[in-house]
Amino acid sequence: MFSALDHQMMARALRLAEQGLYTTTPNPRVGCVIVKDGQIVGEGAHLKAGEPHAEVHALRQAGNLAQGADAYVTLEPCSHHGRTPPCADALIKAGVKRVVAAMQDPNPQVAGSGLQRLQAQGIAVQSGLLEAQARSLNAGFISRMTRRRPFVRSKIAASLDGATALQNGISQWITGPEARKDVQHWRAQSCVMLTGIGTVLADDPQLSVRDEAGELQGRQPLRVIVDSHLQISPQARILQGGNALIVYGSASADRIAALCQHGVELMHLPDHQSRVSLDSLLELLASRGINEVMVEAGATLNGALLHGGLIDQLILYYAPKLLGADARGMFGLPMLQSMAARIDLDITDMRQIGRDIRLLATPHSPQP
Ligand SMILES: Nc1nc(O)c(N)c(N[C@@H]2O[C@H](COP(=O)(O)O)[C@@H](O)[C@H]2O)n1
Ligand SMILES: [Zn+2]
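Small disclaimer: the values here were computed from a predicted structure and weren't measured.

Enquirer: I would appreciate a short explanation of the packing of helix α2 (residues 54-62) against helix α3 (residues 87-94) in the present structure.
Expert: Between two packed helices, both the angle of their axes relative to each other and the distance between the axes serve to describe the pair. The N-to-C vectors of α2 and α3 enclose an angle of 20°; their axes lie 9 Å apart at closest approach. The orientation of α2 relative to α3 falls into the category roughly parallel. Where α2 crosses over α3, the handedness of that crossing is left-handed. Contacts from Glu 55, Val 56 and Leu 59 in α2 reach Cys 87, Ala 90, Leu 91 and Ala 94 in α3. Tallied by class, the residues present in the contact of α2 with α3 amount to six nonpolar, no polar and one charged.

What follows is the structure, given as structure tokens:
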């Protein structure tokens, strides 16, 4: 169905889409290549919401050469008026003869209607080339559009014997500098950094995106703290500089007033036991256009998220160290009554980073 040239051009479009890895949110990362007589005549990437889509950049570069050309796009061209006009119309006007998309747009405002509009104008349309790669690049956008919740990845650094801290809470530094630098790359592509009050009280983290000199770098994710009984101090480093949200389940009026005085945003999201409802939190974040959440938390929050089926990806750094008995574990999961109740994972990537090993894993879902 697809030629070697098709594969090559879509692979190029996917590389272009990666240019928006850290910047396009809440929009998807999209790349486009326009090809005439086997030669690239235009290419582009979507970089920022409100700015032109990938197809528009590529068509501008191609100019009149777009007439009779093939367009390779990593996401179905849009058919609606959002912040910008429909790309399907721009492709029709430019006179392209064929459009190849890696995947359909999961946005219900588009969902196949972009491809239909092109087809109705006699343009040859194909979809599904390198679809798995295109989906992985926009896992957050797809999750928000189809499940009404963000894609959630949790990063955990542990010793080889599975400990994240000593019994007294000391955890700095289990992994080496290369792994800590790698973490910054994941933070930078996230819309939210999520943590729990236990981590805030133990480590007083900032959860910001920083360069090697420790300076703030680029777009900063919203910091969200799950603090069921509002124990956080207004002086906590994570609250400095704004851009933070505390979610709580129950608290006294005094505690609420004290934090409000410091200009902190609070949200009351109780579950039936007056802890924080994690499902409601993710729903709320999606309604605010949040595509990707990165969790850096302790065993309690990680256990609750994993047990609730709310973690989509684990980023596990294992350091070649042993922390011994009574050290803190990775997940506070309830005791299993049988092997049948275990949580199975699939490992999707494994590599050495400095002296540490990084595993990417996803909760295993049985094949239909
Ligand atoms: N095909 C395509 N190319 C791009 O470069 C895109 N950014 C999108 N995004 C789709 O359009 C919606 C955003 O529209 P506005 O930027 O507000 O005009 C987004 O939700 C996707 O459905 N598609
Ligand atoms: Zn568009």
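Enquirer: Would you mind showing me how to read the domain arrangement of the chain here?
Expert: How big an interface is tends to be expressed through the accessible area that disappears when the partners come together. As assigned here, the chain comprises domain 1 (4-138) and domain 2 (148-363). Contacts between the two partners involve eight residues from domain 1 and, on the opposite side, nine residues from domain 2. Across the domain 1 to domain 2 interface the summed buried area is about 650 Å²; carbon plus sulfur atoms make up 44%. In terms of surface lost to domain 2, no three residues of domain 1 exceed Tyr 22, Thr 25 and Arg 29, which account for 66% of the buried area on that side. Taken together, the links from domain 1 to domain 2 amount to one salt bridge. Arg 29 serves as the salt-bridge partner of Glu 292, at 2.7 Å between the closest nitrogen and oxygen. Counting across the interface, domain 1 meets domain 2 through five residue pairs in polar contact (both at pLDDT 80 or more).

Enquirer: Is there a simple way to explain helix α10 (residues 278-287) in this structure?
Expert: Residue pairs three or four apart in sequence face the same way in an α-helix, which turns once every 3.6 residues. Those residues of α10 that sit buried are Leu 278, Leu 281, Leu 282, Leu 284, Leu 285 and Ala 286. Once α10 ends, the next one or two residues include Gly 289, with phi positive near 85°.

Enquirer: Can you walk me through the pairing of strand β8 (residues 222-226) in this structure?
Expert: Moving residue by residue along a regular strand, the side chains alternate between the two faces of the sheet. Among the five residues of β8, five are classified as buried, and the element is accordingly described as predominantly covered. Residues Leu 222, Val 224 and Val 226 of β8 are buried on one face, and the alternating residues Arg 223 and Ile 225, pointing to the opposite face, are buried as well. As judged from the five bridges shared by strand β7 (residues 192-196) and β8, these two strands associate in the parallel manner. Looking at β8, one finds that Met 193 is bridged to Arg 223. Assessed by its sense of winding, the connection that carries the chain from β7 through helix α8 (residues 197-203) to β8 is right-handed.

Rules of the game
- Residues numbered from 1 in each chain as written.
- Chains lettered and ligands numbered in written order.
- Predicted model: local features only at pLDDT ≥ 70, side-chain atom pairs only at ≥ 80, totals over all residues.
- Heavy atoms only, no water.
- Axes fitted to C-alpha atoms, helices over the stretch in contact; angles between N-to-C directions.
- Helix = DSSP H or I, 4+ residues; strand = E, 2+ residues; numbered from the N terminus.
- Parallel < 35°, antiparallel > 145°, perpendicular 65-115°, else oblique.
- Left-handed = near helix turned anticlockwise from the far one by under 90°.
- Contact = heavy atoms within 4.5 Å.
- Nonpolar A, V, L, I, M, F, W, Y, C, P; charged D, E, K, R; others polar.
- Domains from an automatic or database assignment.
- Buried area = accessible area lost by both parts, 1.4 Å probe.
- Salt bridge = Lys/Arg side-chain N within 4 Å of Asp/Glu carboxyl O.
- Polar contact = N/O pair within 3.5 Å; in protein donor to acceptor, adjacent residues only side chain to side chain.
- Buried < 20%, exposed > 50% of the residue type's maximum accessible area, 1.4 Å probe, protein only.
- Pairing = 2+ DSSP bridges.
- Right-handed = clockwise from strand over helix to strand, strands pointing away.

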